[in-house]
Amino acid sequence: VQLVESGGGLVQAGDSLRLSCAASGSTFSITAMGWYRQAPGKQRELVAAITSGGGNTNYVNSVKGRFTISRDNAKNTMYLQMNSLKPEDTAVYYCNARNILGGSSWGQGTQVTVSS
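The following refers to the structure shown. All of these numbers come straight from a predicted model, not from anything done at the bench. (Residues numbered from 1 in each chain as written. Predicted model: local features only at pLDDT ≥ 70, side-chain atom pairs only at ≥ 80, totals over all residues. Heavy atoms only, no water.)

A short note on the state of the cysteines
Overall, the coordinates contain one disulfide when judged by the stated rule. Disulfide partner of Cys21: Cys95, at an S-S distance of 1.9 Å. Looking down the S-S bond of the Cys21 and Cys95 bridge, the torsion is -65°, so its handedness is left-handed. Note that Cys21 is positioned in strand E3 (residues 17-24) and Cys95 in strand E9 (residues 91-99), a separation of 74 residues in sequence. Accessibility classification places Cys21 together with Cys95 in one group, the buried group. (Disulfide = S-S within 2.5 Å. Helix = DSSP H or I, 4+ residues; strand = E, 2+ residues; numbered from the N terminus. Buried < 20%, exposed > 50% of the residue type's maximum accessible area, 1.4 Å probe, protein only.)

The following block contains the structure:
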């Protein structure tokens with residue numbers, strides 16, 4: 001499975017962005033997916049996750065109520081709608097997809113920078 005993120009950029013605090021993660025290859029094998037982020041000098045953290053059918057989602061506390069994860073399996077694409085962005089949301093955002101064999105794939109990352 002290959003994953004390509006898009007949609008990052010430089011925005012001001014309070015603005016919105018929508019990230020996309022397009023999957024290709026053996027997409028039939030994808031199960032749960034998630035968005036991670038890594039800020040400079042910090043560990044990569046799970047921001048949001050979604051089950052294979054999209055029926056269950058979970059979020060890190062710091063983004064609850066502001067971010068929404070979703071997926072369109074017909075388009076092999078996952079999204080992260082980010083509203084009310086804060087400077088502390090600045091990070092490289094990575095897409096992750098797990099597969100039925102227990103492995104996972106990562107995208108190359110997309111930079112999100114929020115200025116105050």
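Following the structure, the description resumes.
Here's the deal with the packing of aromatic side chains
Scanning all chains against the criterion turns up two aromatic pairs. Judged by centre distance (4.8 Å) and plane angle (65°), the ring pair of Tyr36 and Trp106 falls under edge-to-face. One end of the pair, Tyr36, is in strand E4 (residues 30-38); the other, Trp106, is in strand E10 (residues 104-106), and 70 residues separate them in sequence. For Tyr36, a relative accessible area of 17% gives the class buried. (Phe/Tyr/Trp six-rings, centres within 6.5 Å; stacked < 30°, edge-to-face > 60°.)

Side note on the pattern of salt bridges
All told, the structure shown has three salt bridges when counted by the stated rule. A salt bridge links Arg37 to Glu45; the shortest N-O distance between them is 2.7 Å. Where Asp89 meets Arg66, a salt bridge forms, and the shortest distance between an N and an O atom there is 2.8 Å. In this pair, Asp89 sits in the loop between strand E8 (77-82) and E9 while Arg66 sits in the loop between strand E6 (57-59) and strand E7 (67-72), placing the two residues 23 residues apart along the sequence. (Salt bridge = Lys/Arg side-chain N within 4 Å of Asp/Glu carboxyl O.)

Re unusual backbone geometry
A negative phi holds for most residues other than glycine; trans holds for most peptide bonds. Although it is not a glycine, Asn76 adopts a positive phi angle of roughly 50°. Judged by its relative accessible area of 29%, Asn76 falls in the partly exposed class. Positive phi, normally seen in glycine, also occurs at Ser84, with a value near 50°. Within the secondary structure, Ser84 is located in the loop between E8 and E9. Judged by relative accessible area, Ser84 falls into the partly exposed class, the value being 41%.

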